[in-house]
Amino acid sequence: MRFLARLLLRLLGWRLVEHLPPGKRYVLIGAPHTSNWDFLFALLGLWALGIRGRWLGKKELFRSPPLGFLLRALGGIPVDRSRRTGLVEEVAELLKKEDLVILITPEGTRAQAPYWRSGFYHMARAAGVPIAFGYLDAKRKELGVGGYLQPSGNLLQDFAQIRAFYQDKVGLKPHKQGPIRLKEEAEMG
């Protein structure tokens with residue numbers, strides 16, 4: 001699968017970037033998230049990099065039995081975004097128990113979001129794992145993992161590094177990209 005995914009990306013004209021964190025457990029940010037095509041590129045990227053990944057998606061995607069079965073087989077974990085369910089703690093425990101990567105789109109939607117959700121940070125911090133900077137940059141036609149950081153506990157300081165990395169990344173539909181800021185920053189003004 002790895003060879004085929006690499007070949008397909010090359011045939012499509014995309015360059016793969018591989019600056020992975022050490023180990024087999026981490027939270028992988030997927031950004032910018034502006035199109036349904038991001039999902040297919042993310043899967044190709046995971047396979048091309050040899051990453052055993054799971055990803056979080058809104059529960060509505062999993063409702064149809066055939067599609068739900070396929071999405072779960074591809075690593076999907078349904079999430080009910082309408083209520084608090086202890087997801088951060090659940091994912092942190094999963095990361096502590098298994099060698100796996102959890103892919104999260106912090107924008108939480110393909111539409112333009114006013115801020116990034118910080119759950120990815122809290123999951124990584126609680127599990128004691130790094131946050132990897134997964135991305136798709138349509139302007140440069142490259143995708144992959146461009147670096148990582150170990151959360152220090154200072155969310156705003158660590159997020160400044162994350163923002164610096166993503167600042168020049170362009171999604172497939174740039175007009176749908178929102179600001180790279182946290183809800184906490186948005187509320188401060």
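Residue positions within a chain follow its written sequence, with the count starting from 1. With the structure being a predicted model, the display of local features is reserved for residues of pLDDT at least 70 and the display and counting of side-chain atom pairs for 80 or more, all residues being used for whole-chain, interface and lining totals. Only hydrogens and water are set aside when side-chain values are computed; all heavy atoms of the structure are taken into account.

**Thoughts on the packing of aromatic side chains**
For Phe, Tyr and Trp, where Trp contributes only its six-membered ring, two rings pair if their centres lie within 6.5 Å, and the inter-plane angle classes them as stacked under 30 degrees, edge-to-face over 60, or tilted in between. For the coordinates displayed, the defined rule picks out 10 aromatic pairs. Aromatic ring contacts, followed pair by pair, group Trp116, Phe120, Phe133, Tyr135, Phe159, Phe165 and Tyr166 into a single cluster. As a reminder, the over-ring test applies to NZ of lysine and CZ of arginine, requiring each to be within 6 Å of the ring centre and within 35 degrees of the ring normal. It is Lys169 that lies over the ring of Tyr135; its NZ or CZ is 5.2 Å from the centre.

**Brief notes about the sheet that holds strand E5 (residues 101-104)**
Within the open sheet, the seven strands sit side by side as E1-E7-E6-E2-E5-E3-E4. Their pairing is mixed. Either end of the sheet is taken by a strand with one partner, and the two such strands are strand E1 (15-18) and strand E4 (76-79). The average undirected angle you get between the axes of adjacent strands in this sheet is 25 degrees. Where E1 and strand E7 (residues 142-149) come together, four bridges link them in parallel fashion. Within E7, the position partnered with Leu16 by the bridge is Leu143. Whether two strands pair depends on DSSP finding at least two bridges between them. Each helix corresponds to a stretch of at least 4 residues labelled H or I by DSSP, and each strand to a stretch of at least 2 residues labelled E; elements are numbered beginning at the N terminus. Axes here mean lines fitted to C-alpha atoms, for a helix over just the part in contact, with angles spanning 0 to 180 degrees between N-to-C directions.

**Regarding a nonpolar patch on the surface**
Where nonpolar side chains cluster on the molecular surface, the patch consists of Phe3, Leu4, Leu7 and Leu11 and spans about 450 Å² of accessible area. Along the chain, Leu7 turns up in helix H1 (residues 2-11). Exposure above 30% relative accessible area and no salt bridge define the residues that can form patches, which grow by joining like charges within 9 Å and nonpolar side chains of Val, Leu, Ile, Met, Phe, Trp and Tyr within 5 Å. Note on areas: Shrake-Rupley with a 1.4 Å probe; residue coverage comes only from the protein chains shown. The salt bridge criterion pairs a side-chain nitrogen of Lys or Arg with a carboxyl oxygen of Asp or Glu, the two atoms within 4 Å.

**Looking at the nonpolar core**
Most often, soluble globular proteins have nonpolar side chains that are buried together. Grouped together as the largest cluster of nonpolar side chains are 31 residues, with contacts concentrated most on Ile29, Trp116, Phe120, Ile162 and Tyr166. At the level of secondary structure, the elements contributing two or more residues to this core comprise strand E2 (26-31), E4, helix H4 (87-97), E5, helix H5 (119-127), strand E6 (131-137) and helix H6 (155-166). Contact criterion: two residues are considered in contact whenever any of their non-hydrogen atoms come within 4.5 Å of each other. When sequence neighbours within four positions are dropped, the list of residues in contact with Tyr166 reads Ile29, Ala31, Trp116, Ala132, Phe133, Gly134, Tyr135 and Ile180. What we call a nonpolar core is a set of buried Ala, Val, Leu, Ile, Met, Phe, Trp, Tyr and Cys residues that are connected through their side-chain atoms within 4.5 Å. Burial classes: relative accessible area under 20% of the type maximum marks a residue as buried, over 50% as exposed, and values in between as partly exposed (1.4 Å probe, protein chains only).

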